[in-house]
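Analysis of the macromolecular model
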Amino acid sequence: MLEFNYKGLPWNIIFGAGALQRLPEEVEKLGFERALVLTTPQQQSAGEEIMQLLGGRGACLFSEAIMHVPVQTLEAAKSLADEIQADCTVSLGGGSTTGLGKALAAQKSLPNIAIPTSFAGSEMTNIWAVTETDRKVTTRDDSVVPTLTIYDPELTLTMPVGFAMVSGLNALAQAIVNVATDKPNPMVASMALDGIRALVSALPRIKANPDDIEARAEALYGASMAGAALGTGSTGLHHKLCHTFGGIFNTPHAETHAILLAHSVAYNATATAEGSQRIAGVMGVDDAAVGIFDLAGKLDAPQALSDIGIKESDLDEAAAVTTEKPFNNPEPVTIQKVRAMLQRAFEGLPPTST
Ligand code: NAD
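The notes below deal with the structure included here. (Residues numbered from 1 in each chain as written. Predicted model: local features only at pLDDT ≥ 70, side-chain atom pairs only at ≥ 80, totals over all residues. Heavy atoms only, no water.)

**Observations regarding the overall build of the chain**
If you tally the helices and strands in the chain, you get 13 helices and 8 strands. Computed over the C-alpha atoms, the radius of gyration of the chain is 20 Å, within 12% of the 20 Å expected from 2.2 N^0.38 for a compact globule of 354 residues. When its C-alpha atoms are laid out on the principal axes, the chain stretches across 60 × 45 × 40 Å. Counting only contacts in the chain whose residues sit at least 6 apart along the sequence, the fraction spanning at least 24 positions is 75%. About 14,700 Å² of surface is accessible on the chain, with carbon and sulfur atoms providing 50% of the total. Between the mean site of the 24 positive side-chain charges and the mean site of the 39 negative ones, the chain shows a separation of 4 Å. (Helix = DSSP H or I, 4+ residues; strand = E, 2+ residues; numbered from the N terminus. Rg over C-alpha atoms; globule rule 2.2 N^0.38 Å. Contact = heavy atoms within 4.5 Å. Areas by Shrake-Rupley, 256 points an atom, 1.4 Å probe, with all protein chains shown as cover. Lys, Arg positive; Asp, Glu negative; His and termini not counted. Charge placed at Lys NZ, Arg CZ, Asp CG, Glu CD.)

Printed below as a string of structure tokens:
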């Protein structure tokens, strides 16, 4: 008999090509007058355009957002927010910039307007993080969900194809882990499956034609559904592994997801047979894990941990740290099985089930 709990998040979304132009009227409607605009250094000029668009309601641009929200960056942004008496933030960028906006929402109760430009999907989750001396602490808190998210697919056109592919695979991971589970939640899974469908359809089309705005829009929608699944669902071995590699070896976030996803799905395949079958069905393949591995290959995404600077001698430590504390996962987690799986991921071999 069907039995589940579901708690939604307070999403408020505007989606459409050109939607960015609605920013000034939406800020006015929300009653904000002094926006602190956030970007990375790489997207500073896009941030300056946002300042222009906001006119008098743009108080200042902070263009120092970087990956994993280092505490020093957060403190600098907090001081600036105080100094200019900001009443909201507008974060334009990928997961790193969205993450800074969410951290400011958590620590300064500053409402955030998110304008995502990658497929990270962070704007749909209640997960925020801060990193202090290489230790990233993540927390779930519904108050960090952006007050408004403006999805404008045109803003993703500047995302280089290589990054768009791994960013899309990062989103795919958020959806996949919420279908390939032993405790499926039908509402979370329905968002996840539609996210998988959209991403699997759109990413090869972006690869073939980077200017395909329809495909960019479909991938952005897929990323938003995947983020919705992550925000209302759960994580297990896959996210634990990515967290371990990012934390110890500072591996690039999206690439780490892209490499490990097929292997972690294979690891759980027996315990999640029904969910894996549903994923395979949506992907149009026989086996979910192999299908994910083949998709990453087709998209020219990195497929071996050795491609992102990991050495074979790092694998023992990664397996030990991943398994040092118990966590929820469909298949029991043992250091031996995780180490064996990491060997295949290191060599870029196709996944095998445990
Ligand atoms: P990112 O935000 O660091 O972006 C990578 C680079 O690409 C940056 O220089 C950025 O400025 C640039 N970029 C982004 N969009 C662009 C565009 N359209 N055009 C040109 N350049 C663009 O990387 P990411 O993968 O989007 O995010 C990774 C971070 O997000 C990690 O810290 C990860 O932990 C976090 N994240 C959090 C959640 C969550 O739910 N909390 C979910 C996913 C990712």
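**Describing the pattern of salt bridges**
Tallying each qualifying case throughout the model produces 12 salt bridges. We note a salt bridge from Asp-194 to Arg-197, for which the minimum N-O separation is 2.7 Å. Of the two residues, Asp-194 and Arg-197 both sit in helix H6 (residues 186-208), 3 residues apart, roughly one turn of that helix. Overall, Arg-197 belongs to the partly exposed group, its relative accessible area being 36%. The residue Arg-205 makes a salt bridge to Glu-218 at a minimum N-O spacing of 2.8 Å. Separated by 13 residues along the polypeptide, Arg-205 in helix H6 and Glu-218 in helix H7 (residues 213-232) bring together distant segments of the chain. (Salt bridge = Lys/Arg side-chain N within 4 Å of Asp/Glu carboxyl O. Buried < 20%, exposed > 50% of the residue type's maximum accessible area, 1.4 Å probe, protein only.)

**As for the layout of surface pockets**
Empty pockets left among the atoms are what a rolling probe the size of a water molecule brings to light. In this structure, the second largest pocket spans a volume of roughly 580 Å³. Asn-178, Thr-181, Gly-233, Ser-234 and Thr-235 are the residues nearest the centre of the second largest pocket, which is lined by 30 residues in total. If you list the elements that add at least two residues to the lining of the second largest pocket, you get H7, helix H8 (237-249) and helix H9 (253-267). Residue composition of the lining of the second largest pocket, grouped by class: 10 nonpolar, 16 polar and 4 charged. (1 Å grid on protein atoms, 1.4 Å probe; cavity = no way out; pocket = protein on both sides within 12 Å on 5 of 7 lines; lining within 4 Å. Points joined across faces, edges and corners; volume = space filled by probe spheres on them. Nonpolar A, V, L, I, M, F, W, Y, C, P; charged D, E, K, R; others polar.)

**Regarding a nonpolar patch on the surface**
Taken together, the side chains of Leu-2, Phe-4 and Met-187 define a hydrophobic patch exposed on the protein surface, amounting to about 300 Å² of accessible area. Tracing the backbone through its elements, the reader meets Met-187 in helix H6. With a relative accessible area of 37%, Met-187 lands in the partly exposed category. (Patch = residues over 30% accessible without salt bridge, like charges linked within 9 Å, V, L, I, M, F, W, Y side chains within 5 Å.)

**Overview of helix H3 (residues 71-84)**
Given 3.6 residues per turn, any residue in an α-helix points the same way as the ones three and four places further on. For H3, with 14 residues, the first-to-last C-alpha span of 20 Å sits near the 20 Å given by 1.5 Å per residue. When we look at burial in H3, the residues that qualify are Val-71, Thr-73, Leu-74, Ala-77, Lys-78, Leu-80, Ala-81 and Ile-84. The inward-facing, buried residues of H3 abut strand S2 (35-38), strand S3 (58-62), helix H4 (95-108) and strand S6 (127-132). Of the residues one or two after H3, Gln-85 is the one with positive phi, at around 55 degrees. (Expected span 1.5 Å × (residues − 1).)

**A look at unusual backbone geometry**
Of note, the phi angle at Ser-109 is positive, near 55 degrees, even though the residue is not glycine. Note that Ser-109 resides in the loop between H4 and strand S5 (112-116). Here the phi dihedral of Asn-250 falls at roughly 55 degrees; this positive angle occurs in a residue that is not glycine. The topology assignment puts Asn-250 in the loop between H8 and H9. For Asn-250, a relative accessible area of 58% puts it in the exposed group.

**Quick notes on the packing of helix H10 (residues 273-283) against helix H11 (residues 288-298)**
Across the interface, H10 lies against H11 with an axial gap of 8 Å and an inter-helix angle of 40 degrees. It follows from the interaxial angle that H10 and H11 lie oblique. Between H10 and H11, the residues in contact are Ser-276, Ile-279, Ala-280 and Met-283 and Ala-288, Gly-291, Ile-292 and Leu-295, respectively. A per-class count over the contact of H10 with H11 returns 6 nonpolar, 2 polar and no charged. (Axes fitted to C-alpha atoms, helices over the stretch in contact; angles between N-to-C directions. Parallel < 35°, antiparallel > 145°, perpendicular 65-115°, else oblique.)

**Let's talk about the site of the ligand**
Looking at the ligand, there are 23 residues lining it, with Thr-40, Ser-96, Ser-118, Thr-125 and Lys-136 nearest. One of the side-chain nitrogen or oxygen atoms of Thr-40 is found 2.6 Å away from an oxygen atom of the ligand. Take Ile-127: an N or O atom from its main chain is 2.9 Å from a nitrogen atom of the ligand. Protein contact buries 86% of the 860 Å² of open area that the ligand shows by itself. Of all the elements in the fold, those that place two or more residues in the shell around the ligand are H4 and helix H5 (161-176). Tallying contributions element by element places H4 first for the shell around the ligand, with 3 residues. Taken together, the residues of the shell around the ligand sort by class into 6 nonpolar, 15 polar and 2 charged. (Near = heavy atom within 4 Å. Polar contact = N/O pair within 3.5 Å; in protein donor to acceptor, adjacent residues only side chain to side chain.)

Any functional reading would require information that these geometric values do not contain.
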